[in-house]
Amino acid sequence: MQDAEIPMEFAPRHAQISEDTEPPINRRFGRREVAKRVFAKEYRESNLTFKESDDQYAPLYLLTPTGAKCNRVFIVGTLTEKEDIGAGAEFWRARVVDPTGAFTIYAGQYQPEATRALAEIEPPQFVAVAGKVSVYDPGDGKITSIRPESISVIDAESRDIWIMETARHTLERISTIGSEDPDAKKAVEHYSPDREYYKQMVLMALMSMTDKPAEEKDSDKGGFDVIDLSKI
Amino acid sequence: MIKEIAEQLKTRFSEMDIEVPLEEIESKLDALINEYRVPVDEAKRSVVNQYLRKSDIPELVKIRDIQSEGQWVSLKAKVVQLWTSESESIAQAGLIGDETGTIKFTKWAKSDLPLVEEGKCYMFKNVVTDEWQGRFQVNFNKNTEIQEIEENIEVGSSVEEITGAIMNIQSGSGLIKRCESCNRALVKGSCGEHGKVEGKYDLRVKAVIDDGKIVQDILLNKDTIETLTGITLDSAKEMVAEALDPSVVLDALADKLVGRYFKVQGPKIGRYMLVEEIQKMPVASDHEIKELIAQVEAL
Ligand SMILES: [Zn+2]
């Protein structure tokens, strides 16, 4: 209780804590959004976006087929490709792959930390990405991507933890399909999700951890198959 | 389920000296939940508010249950800490606590209320909840009544635990300087209370941890940082001296923490969890993986 952090944090209601330069908490819309855990396959198949108020600063949500209401997501996978597609200024497109599919990531001048990280990281590498959902509609359907806030190089263990965690969260959501949960109801109305299909997706992700490919023990191959050309 | 909620509410009402027949609560809940399809939480809220309005006593709540702003509530709590305030519009400010946790309070000068003392327990009637920078607090104003009470309230240390991934590290982390007299972190070499001072070095991390369901701001102190990352106060000073840039420490800490999974434990005070223990989250065993697979298959 005597920790000196407490008085330091105190300030009269309308005073500014000048030291506190963290991203401002959106006062109008309450707390920082939770980073949802969703597999790539499910993320890719999502196309229902909405805001909960007309305010231009209201957060944008993407509802996934099993009912994850995402404004922010946290994903872990293998960075397999990156390309600077910017004309002039840096603008990176990258691909992060999990056992079920791939996430697409775009980072430009408004994501300075992620842009810096992408410039440095050479694929393949295990990465963790926290970022905001982004949806683009070129006219023939919506394309989901992630606008990263942070990208960090992590190890295979963190990747496995993420798969377990995401499997558990997805499983919980699958079991709410058909219930009175408002997000689940909305998802059912829009997608009519097939529980079996998403069960198989979770199984696919979990199975990828049980038959550990041999190369994972040899970290400098970065988790990729090395093809012995002499055998072909 | 309705019966259970009704019993809960009845107990809560009797604690507030409001006697309502159980059947009455039950039938109101039943109508809201089963007939009007109102979510359970909303139904509870609606019933509680109906009776509170009737009896006109703000609900006696526990600190942990303060989760929205602009609510009139009453609290039985102990004054845990009083802070010095620079502002003339504030008579007193600090922390009050009950067995479920602590919360910041502000007593406005205009309210003309008696002074409270550290370590004493009070009944605070008619206080209003507020939110500032993402955390809840209570304000005492001229409608508030403060009565000292005899009973001693054990303030819950409210040690909590969360296992999740660190999302980011905020500025104000890394190698910082603190005022020697009051321990406040210096901003550009200046203490908010004591002005320009020499200051002493310290290590600190302000971060956000997220388990996919909740978000928690955490504070790591020097000892925790040293044990966890191997970056010590001395090595941090050397890094800065070499790079001529204080942000190298923050970058090095971010490399070791951001995007990684940890289990953290500590008391939650206001918006922050003051981390007392932090561990790397262990990777799942083959057995756990197989168990989860079996669970999916059984679904
Ligand atoms: Zn000072």
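Quick caveat, the model's predicted, so the values are computed rather than measured.

**Overview of the overall build of chain A**
- Regarding its fold elements, chain A presents 6 helices and 9 strands.
- Within chain A, buried positions represent 47% of all 232 residues.
- Taking all contacts inside chain A whose residues are at least 6 apart in sequence as the whole, residues at least 24 apart take part in 63%.
- For chain A, the accessible surface area stands at approximately 11800 Å², while carbon and sulfur atoms represent 50% of it.

**What to know about the confidence of the model for chain B**
- Of all residues in chain B, 95% have pLDDT values of 70 or greater, and the mean over the chain is 88.
- Quick note on the complex model: pTM equals 0.68, ipTM equals 0.80.

**Considerations on the environment of S74 of chain B**
Residues and elements named next belong to chain B.
- Structurally, S74 can be placed in strand β2 (residues 72-83).
- A C-alpha to C-alpha distance of 7.4 Å links S74 and M123, two positions 49 residues apart in sequence.
- Every residue in contact with S74, bar those within four places of it in the chain, is listed here: P58, E59, L60, V61, F124, K125 and N126.
- Among the polar contacts made by the side chain of S74, one reaches the main-chain amide nitrogen of N126 at a distance of 3.3 Å.

**Some remarks on the nonpolar core**
- Membership of the largest hydrophobic core comes to 55 residues, with the highest contact counts inside it found for F74, I75, W162 and L206 of chain A.
- Contact partners of L206 of chain A, with chain neighbours within four places excluded, come to I163, M164 and A167 of chain A together with I289, L292, I293 and V296 of chain B.
- Counting 26 residues, the second largest nonpolar core, distinct from the first, contains L220, A252, L253 and I278 of chain B.

**Thoughts on the coordination of the zinc ion**
All names here are of chain B.
- Those donors, C179 (SG), C182 (SG), C191 (SG) and H194 (ND1), are the protein atoms that reach the zinc ion, and they lie 2.0 to 2.3 Å from it.
- One way to put it: the 4 donor atoms around the zinc ion meet at angles of 97 to 115°, and that makes the site tetrahedral.
- For the zinc ion, the single-chain donor residues occur in sequence as C-x2-C-x8-C-x2-H. Of the two residues, C179 sits in the loop between β9 (174-178) and β10 (190-191) while C191 sits in strand β10, which places them 12 residues apart along the sequence. Assigned by exposure class, C179 and C191 land together as buried.

**Re the side chain of Q137 of chain B**
- Tracing the sequence through the fold places Q137 of chain B in strand β6 (residues 135-140).
- Engagement of the side chain of Q137 of chain B in a polar contact is seen with the side chain of N139 of chain B, the distance being 3.4 Å.

**Concerning the sheet that holds strand β3 (residues 60-63) of chain A**
- Spatial strand order, β2-β3-β4 (chain A): 3 strands in an open sheet with antiparallel pairing. Only two strands of the sheet have a single partner each, and these edge strands are β2 (48-51) and β4 (69-70) of chain A.

Reading the values: rules and limits
Residues numbered from 1 in each chain as written. Chains lettered and ligands numbered in written order. Predicted model: local features only at pLDDT ≥ 70, side-chain atom pairs only at ≥ 80, totals over all residues. Heavy atoms only, no water. Helix = DSSP H or I, 4+ residues; strand = E, 2+ residues; numbered from the N terminus. Buried < 20%, exposed > 50% of the residue type's maximum accessible area, 1.4 Å probe, protein only. Contact = heavy atoms within 4.5 Å. Areas by Shrake-Rupley, 256 points an atom, 1.4 Å probe, with all protein chains shown as cover. pLDDT = per-residue confidence, 0-100. Polar contact = N/O pair within 3.5 Å; in protein donor to acceptor, adjacent residues only side chain to side chain. Core = buried A, V, L, I, M, F, W, Y, C linked by side-chain atoms within 4.5 Å. Donors = N, O, S within 2.8 Å, 3.2 Å for Na, K, Ca; no water. Tetrahedral: all angles 85-135°; square planar, octahedral: opposite > 155°, others 65-115°. Pairing = 2+ DSSP bridges.

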